[in-house]
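Each chain, written out:
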Amino acid sequence: MTGPLLRVEALSRVYGTGSARTVALRGATLEVRAGELVVVRGPSGSGKTTLLTLAAGLDDPDEGAVWVDGAKITGATETEGARLRREVVGFVDQEFALVPFLTAAENIELPLRASRLAARERRARTREMVDAVGLSDHSAQRPEEMSGGQQQRVAVARALVHRPRVLLADEPTAQLDSATASSVISLLAEHVRRHGTAALVASHDTSVAERADRVIEIHDGRLRG
Ligand SMILES: Nc1ncnc2c1ncn2[C@@H]1O[C@H](COP(=O)(O)OP(=O)(O)O)[C@@H](O)[C@H]1O
Ligand SMILES: [Mg+2]
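Residues numbered from 1 in each chain as written. Chains lettered and ligands numbered in written order. Predicted model: local features only at pLDDT ≥ 70, side-chain atom pairs only at ≥ 80, totals over all residues. Heavy atoms only, no water.

1. Some remarks on the overall build of the protein chain
Right, on to step 1. Across its full length, the protein chain holds seven helices and ten strands.
Right, on to step 2. The C-alpha radius of gyration of the protein chain comes to 17 Å, within 12% of the 17 Å expected for a compact globule of 225 residues.
Right, on to step 3. In terms of its C-alpha atoms, the protein chain occupies a principal-axis envelope of roughly 50 × 40 × 35 Å.
Right, on to step 4. Sorting the 225 residues of the protein chain into buried and exposed places 49% on the buried side.
Right, on to step 5. Across the protein chain, every contact between residues at least 6 apart in sequence was considered, and the portion connecting residues at least 24 apart equals 71%.
Right, on to step 6. For the protein chain, the exposed area adds up to about 10,700 Å²; of that, 45% sits on carbon and sulfur atoms.
Right, on to step 7. Separation of charge centres in the protein chain, based on 29 positive and 30 negative side chains, amounts to 4 Å. (Helix = DSSP H or I, 4+ residues; strand = E, 2+ residues; numbered from the N terminus. Rg over C-alpha atoms; globule rule 2.2 N^0.38 Å. Buried < 20%, exposed > 50% of the residue type's maximum accessible area, 1.4 Å probe, protein only. Contact = heavy atoms within 4.5 Å. Areas by Shrake-Rupley, 256 points an atom, 1.4 Å probe, with all protein chains shown as cover. Lys, Arg positive; Asp, Glu negative; His and termini not counted. Charge placed at Lys NZ, Arg CZ, Asp CG, Glu CD.)

Next comes the structure, spelled out in structure tokens:
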């Protein structure tokens, strides 16, 4: 038996000071194991993005720590944090965060550029992900030439292409119509099963919660699972 691939321990984050002080996360603790899809569900402003951003090591908590695949990402050096985000973590940003001057296929291939894969294998994997998210006819388009839903699918494909052990997805179906949302969440869930990924997905979409192994509620920065 191996330990959890994602471990979040007593995580707290406060933004601002004085009258602008907001406690965004209050002692959040959770674990996600290999092959498990966990959904964190809560209203707007409840702390979902804060939780995922901290879990990805993109920001530091005021208290607590996060481990990905056994490595402490909280307080890691810049080099080690960057390595963990590149090799261990896949992140679907709520705002997509695509590179504007790259095509859909080039955006998706990006995480593989830093890998040791041969160019041919990189292209094959990229093509596989482009097809899997239904963007075969749009692979040469840049983000500004795509709809919000297409951009969201690029963001999901880019987060999965390097087969990360830990997947963090922030509202990955928010911009999608229900049919596309359901195909994206199916793709995500199948990927998690096939590759034994640990996935933490923020969403208030019921079709996403239906595919989850566990649903954790978040309210005012507090988890209730
Ligand atoms: N950078 C920030 N500076 C100040 N307050 C923030 C910042 N990011 C988030 N917040 C506040 O923290 C709380 C949680 O936000 P967030 O994690 O984005 O929630 P959710 O993703 O569930 O909508 C909200 O009250 C939000 O206004
Ligand atoms: Mg959010």
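2. Considerations on the site of ligand 1
Right, on to step 1. Looking at ligand 1, the residues that line it are Tyr15, Thr22, Ala24, Pro43, Ser44, Gly45, Ser46, Gly47, Lys48, Thr49 and Thr50.
Right, on to step 2. Here Lys48 contributes a side-chain N or O atom positioned 2.8 Å from an oxygen atom of ligand 1.
Right, on to step 3. Contact with the protein chains removes 59% of the 560 Å² of surface that ligand 1 exposes when unbound.
Right, on to step 4. Taken together, the elements giving at least two residues each to the shell around ligand 1 come down to strand 2 (22-32) and helix 1 (48-55).
Right, on to step 5. The element best represented in the shell around ligand 1 is helix 1, accounting for three residues.
Right, on to step 6. Looking at the shell around ligand 1, its residues break down into three nonpolar, seven polar and one charged. (Near = heavy atom within 4 Å. Polar contact = N/O pair within 3.5 Å; in protein donor to acceptor, adjacent residues only side chain to side chain. Nonpolar A, V, L, I, M, F, W, Y, C, P; charged D, E, K, R; others polar.)

3. What to know about the packing of helix 3 (residues 104-113) against helix 5 (residues 148-160)
Right, on to step 1. Packing of helix 3 against helix 5 leaves a shortest axis separation of 7 Å and a crossing angle of 25°. With respect to helix 5, the element helix 3 is oriented roughly parallel. Seen from above, helix 3 lies across helix 5 with right-handed handedness. In this structure, helix 3 uses Ala104, Asn107, Ile108 and Pro111 to contact helix 5, whose residues at the interface are Val154, Ala157 and Arg158.
Right, on to step 2. Each residue belonging to the contact of helix 3 with helix 5 can be placed in one class, and the counts come to five nonpolar, one polar and one charged. (Axes fitted to C-alpha atoms, helices over the stretch in contact; angles between N-to-C directions. Parallel < 35°, antiparallel > 145°, perpendicular 65-115°, else oblique. Left-handed = near helix turned anticlockwise from the far one by under 90°.)

4. Focus: the coordination of the magnesium ion (ligand 2)
Right, on to step 1. Those protein atoms acting as donors to the magnesium ion (ligand 2) are Thr49 (OG1) and Gln94 (OE1), and they sit at 2.0 to 2.5 Å. A residue pair is termed long-range when its members are at least 10 positions apart, and Thr49 in helix 1 and Gln94 in the loop between strand 6 (89-92) and helix 3 qualify at 45 residues.
Right, on to step 2. Gln94 sits in the partly exposed class, given a relative accessible area of 29%. (Donors = N, O, S within 2.8 Å, 3.2 Å for Na, K, Ca; no water.)

5. A few points about the packing of aromatic side chains
Aromatic ring pairs are reported here in terms of the distance separating the ring centres and the angle at which the planes meet.
Right, on to step 1. On inspection of all chains with the given rule, the structure shows zero aromatic pairs.
Right, on to step 2. The residue whose ring lies beneath Arg7 is Trp67, and the NZ or CZ to ring-centre distance is 4.1 Å. (Phe/Tyr/Trp six-rings, centres within 6.5 Å; stacked < 30°, edge-to-face > 60°. Lys NZ or Arg CZ within 6 Å of the ring centre and 35° of its normal.)

6. Digging into the packing of helix 5 against helix 6 (residues 178-195)
Right, on to step 1. Viewed as axis vectors pointing N to C, helix 5 and helix 6 meet at an angle of 5°, and their least axial separation amounts to 11 Å. With respect to their mutual orientation, helix 5 and helix 6 come out roughly parallel. Residues Arg153, Val156 and Leu160 of helix 5 form the contact with helix 6, whose own contacting residues are Thr180, Val184, Leu187, Leu188 and His191.
Right, on to step 2. Residue classes in the contact of helix 5 with helix 6 are distributed as five nonpolar, two polar and one charged.

7. Concerning the sheet that holds strand 10 (residues 222-224)
Right, on to step 1. Taken in spatial order, the six strands of this open sheet run 6-7-8-3-9-10, and their pairing is mixed. Looking along the sheet, the strands with just one partner apiece sit at the ends: strand 6 and strand 10. The mean angle between the axes of side-by-side strands here comes to 20°, regardless of whether they run parallel or antiparallel.
Right, on to step 2. With four bridges connecting them, strand 3 (residues 37-41) and strand 8 (residues 198-202) associate as parallel partners. Note on strand 8: the bridge partner recorded for Val38 is Leu200.
Right, on to step 3. Lying on the sheet, helix 6 is in contact with strand 3, strand 7 (166-170) and strand 8; it crosses strand 3 at an angle near 140°. (Pairing = 2+ DSSP bridges.)

8. Side note on helix 6
Right, on to step 1. For helix 6, spanning 18 residues, the distance from its first C-alpha to its last is 26 Å, which sits close to the expected 26 Å at 1.5 Å a residue.
Right, on to step 2. Looking at helix 6, one finds that the buried residues are Thr180, Ala181, Val184, Ile185, Ser186, Leu187, Leu188, Ala189, His191 and Val192.
Right, on to step 3. Contacts made by the buried residues of helix 6 are with strand 3, helix 4 (119-132), helix 5, strand 7, strand 8 and helix 7 (206-210).
Right, on to step 4. The N-cap of helix 6, judged by a side-chain oxygen 3.1 Å from the amide nitrogen of Ala179 a few residues on, is Asp177.
Right, on to step 5. Directly beyond the C-terminal end of helix 6, a positive phi value near 65° is found at Gly196. (Expected span 1.5 Å × (residues − 1).)

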